[in-house]
Amino acid sequence: MKRTFSRRGLLIGSSALTLGSALSTRVVSAAPPASAVTPELIAAAKKEGKVVWYTSIDLKVSEQIAKTFETKYPGVKVQVERTGAERLLQRIGQEYQSNIHAVDVVNSSDASHLVYWKDQGLLAPYVPEDVAKYYPAEHKDADGMYASFRVFLCIIAYNSSLVKKEDAPKSFADLLKPEWKGKIVKAHPGYSGTILTSTFQTARDLGWGYFEKLAQQDVLQVQSASVPPKKLALGERAVQADGVEYLILAEKEAGQPVEPVYATEGTPLIIGPNGLFKAAPNPNAARLFQSYCFTAECQQVNIDVGGLRSAHPMAKDKPGRVPLKDIKLMKDDAAGVLKDAEAIKAHYVKLFHV
């Protein structure tokens, strides 16, 4: 019988999972020793000649990462296959059902996808040296199947032309005040993996009562997590209840009147892991690329080009940005999202009628 790679399939596949830290599920065998980049690995990768990277990261960022990798390791090309996280899940599922093994390395903005692929036995254990040396335990899988390639936040923000700093919301609770009725925009967990994760964390930490009250605020509902920052910059709404931080920061740095808010209750943390497929057609190039992705050099590209955050302590935030270490964060739990996804979306639709 063929497996189905859908959100429903994820839920079926999650039955054996246990909840734990941000990226961990049940421990299968424990992580292998760290792997260094050796002349032998580089030579083997060059013999294969390419690595195929399926990713949901922005095309501008993924292409820059490919370029810097190819400059560092001439003779190994990166074939970037960029699409949305949910489409990426479907594509890999369809390919594997047809016994097509095209993908070497995968990155998804929905960490629960990596949990699922691991649970299905599709990922290969591999621990880059930088991951073993620098990455906190909550940013790497206990079995070495994946780690946090990119980190970003889902934040509250406001239009500073419409809202004075002293009047701006500072918490999720502030969004429930009467003065924000009809002035809020937010994205939908049924369309956005980022917002699904954010909704899971917020409901877990604050309770569904928060969303019940927010639903009474005549919220402008949009689909993608990238839309609220744009609506804010255009002045179509005064405040966003959620949306990707990196676009707010990009809009601000481009001169738009937007300001981020890091809620006093905590800010949802979104993790996009990288993993290797066991049936990778270019296994050596895959290992070399996976190792590169977790270096401070590559992580700096994520920050400088993509406006993202990093779990690598040697990667530096852009000047003027609040350091990640100074922001109170909600805890990611990919296994929890995997387990509760359909219930979250159904309850959200019931509350917001969208």
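Predicted model only: the values in this text are computed from it and were never measured.

What follows covers the packing of aromatic side chains. For the structure on display, the rule yields 15 aromatic pairs. Centroid distance Phe 172 to Tyr 210: 5.5 Å. Interplanar angle 80°. Geometry classified as edge-to-face. Of this pair, Phe 172 sits in the loop between strand S6 (156-159) and strand S7 (184-186) while Tyr 210 sits in helix H8 (residues 208-214), and the two are 38 residues apart along the sequence. By the ring-pair criterion, three or more aromatic residues cluster together here, those being Trp 53, Phe 69, Tyr 73, Tyr 135, Phe 149, Phe 289, Tyr 292 and Phe 294. The lysine or arginine in question, Lys 186, covers the ring of Phe 352, its NZ or CZ lying 5.7 Å from the ring centre.

Along its 14 residues, helix H7 (residues 193-206) runs 20 Å from first to last C-alpha, staying within 8% of the 20 Å computed at 1.5 Å per residue. In terms of residue burial, H7 counts as a mostly covered element, since 10 of its 14 residues are buried. Among all positions in H7, only Thr 194, Ile 195, Leu 196, Thr 197, Ser 198, Thr 199, Phe 200, Gln 201, Thr 202 and Ala 203 are buried. For H7, the capping residue at the N-terminal end is Ser 192, with a side-chain oxygen 3.3 Å from the backbone nitrogen of Thr 194.

Turning next to the layout of surface pockets. In this model, the largest pocket occupies a volume close to 680 Å³. The wall of the largest pocket is formed by 28 residues, among which Gly 84, Ala 85, Tyr 191, Ser 192 and Gly 193 lie closest to the centre. When residues of the lining of the largest pocket are traced back to their parent elements, those giving at least two are helix H4 (85-97), strand S5 (146-153), H7 and helix H10 (245-253). Across the lining of the largest pocket, the residue classes tally to 9 nonpolar, 11 polar and 8 charged. In this structure, the second largest pocket occupies an estimated 440 Å³ of space. Around the second largest pocket, the lining comprises 22 residues; the ones closest to its centre are His 139, Ser 310, Ala 311, Leu 324 and Lys 325. For the lining of the second largest pocket, the per-class residue count stands at 12 nonpolar, 3 polar and 7 charged.

Before going further, it helps to examine the nonpolar core. In terms of nonpolar packing, the biggest core is built from 41 residues, with Val 51, Trp 53, Ile 65, Phe 69, Phe 149 and Phe 289 touching the most fellow members. With 6 residues, helix H11 (residues 283-293) is the largest single contributor of residues to this core. Beyond its immediate chain neighbours, meaning those up to four positions away, Phe 69 contacts Val 51, Val 76, Val 78, Leu 288, Phe 289 and Tyr 292. Grouped together as the second largest cluster of nonpolar side chains are 23 residues, Ile 156, Val 163, Ala 263 and Met 330 included.

What follows deals with helix H5 (residues 111-119). Among the 9 residues that make up H5, 9 are buried, leaving the element largely enclosed by the rest of the structure. Those residues of H5 that sit buried are Ala 111, Ser 112, His 113, Leu 114, Val 115, Tyr 116, Trp 117, Lys 118 and Asp 119. Two residues or fewer after H5 comes Gly 121, characterised by a positive phi angle close to 75°.

Attention now moves to the pattern of salt bridges. Under the definition given, this model contains 17 salt bridges. With a closest N to O distance of 3.2 Å, Glu 81 and Arg 91 form a salt bridge. With Glu 81 in strand S2 (residues 77-82) and Arg 91 in helix H4, this residue pair connects regions lying 10 residues apart in the sequence. For Glu 81, a relative accessible area of 21% corresponds to the partly exposed category. Note on Arg 91: relative accessible area 31%, which makes it partly exposed. One salt-bridge network, held together by shared partners, links Glu 81, Arg 91 and Glu 95.

To continue, consider the packing of helix H2 (residues 39-48) against H11. Close contact between H2 and H11 brings their axes to 7 Å; oriented N to C, the two are set at 125°. Viewed along their axes, H2 and H11 adopt a mutual orientation that is oblique. The chirality of how H2 crosses H11 is left-handed. Here Leu 41, Ile 42, Ala 44, Ala 45 and Glu 48 of H2 come into contact with H11, specifically with Pro 283, Asn 284, Ala 285, Arg 287 and Leu 288. When grouped by side-chain class, the residues that make up the contact of H2 with H11 number 7 nonpolar, 1 polar and 2 charged.

The next subject is the confidence of the model for the protein chain. When the pLDDT values of the protein chain are averaged, the result is 91; 92% of them are 70 or greater. In the predicted structure, residues 1-5 sits below a pLDDT of 50 and forms 15 contacts with residues beyond four places in sequence or in another chain. This model gives residues 7-25 a pLDDT under 50, and the stretch forms 68 contacts once residues within four places in sequence are excluded.

Take the sheet that holds S7 next. Taken together, 5 strands build an open sheet; the order of strands is S8-S7-S9-S6-S10 and the sheet is mixed. Where the open sheet ends on each side, the last strands, each with one partner, are strand S8 (220-221) and strand S10 (258-261). Of the strand pairs in this sheet, S6 and strand S9 (residues 239-240) are connected by 2 bridges, and their pairing is antiparallel. Bridge pairing in S9 links Ala 157 to Gln 240.

So, on to the packing of helix H3 (residues 59-72) against helix H12 (residues 296-306). Contact geometry for H3 and H12: axes closest at 10 Å, N-to-C directions at 145°. As for the relative orientation of H3 and H12, their crossing is right-handed in sense. For the pair H3 and H12, the contacting residues are Lys 60, Val 61, Gln 64, Ile 65, Thr 68 and Lys 72 in the first and Glu 297, Cys 298, Val 301, Asn 302, Val 305 and Gly 306 in the second.

About the criteria used
Residues numbered from 1 in each chain as written. Predicted model: local features only at pLDDT ≥ 70, side-chain atom pairs only at ≥ 80, totals over all residues. Heavy atoms only, no water. Phe/Tyr/Trp six-rings, centres within 6.5 Å; stacked < 30°, edge-to-face > 60°. Helix = DSSP H or I, 4+ residues; strand = E, 2+ residues; numbered from the N terminus. Lys NZ or Arg CZ within 6 Å of the ring centre and 35° of its normal. Expected span 1.5 Å × (residues − 1). Buried < 20%, exposed > 50% of the residue type's maximum accessible area, 1.4 Å probe, protein only. Polar contact = N/O pair within 3.5 Å; in protein donor to acceptor, adjacent residues only side chain to side chain. 1 Å grid on protein atoms, 1.4 Å probe; cavity = no way out; pocket = protein on both sides within 12 Å on 5 of 7 lines; lining within 4 Å. Points joined across faces, edges and corners; volume = space filled by probe spheres on them. Nonpolar A, V, L, I, M, F, W, Y, C, P; charged D, E, K, R; others polar. Core = buried A, V, L, I, M, F, W, Y, C linked by side-chain atoms within 4.5 Å. Contact = heavy atoms within 4.5 Å. Salt bridge = Lys/Arg side-chain N within 4 Å of Asp/Glu carboxyl O. Axes fitted to C-alpha atoms, helices over the stretch in contact; angles between N-to-C directions. Parallel < 35°, antiparallel > 145°, perpendicular 65-115°, else oblique. Left-handed = near helix turned anticlockwise from the far one by under 90°. pLDDT = per-residue confidence, 0-100. Pairing = 2+ DSSP bridges.

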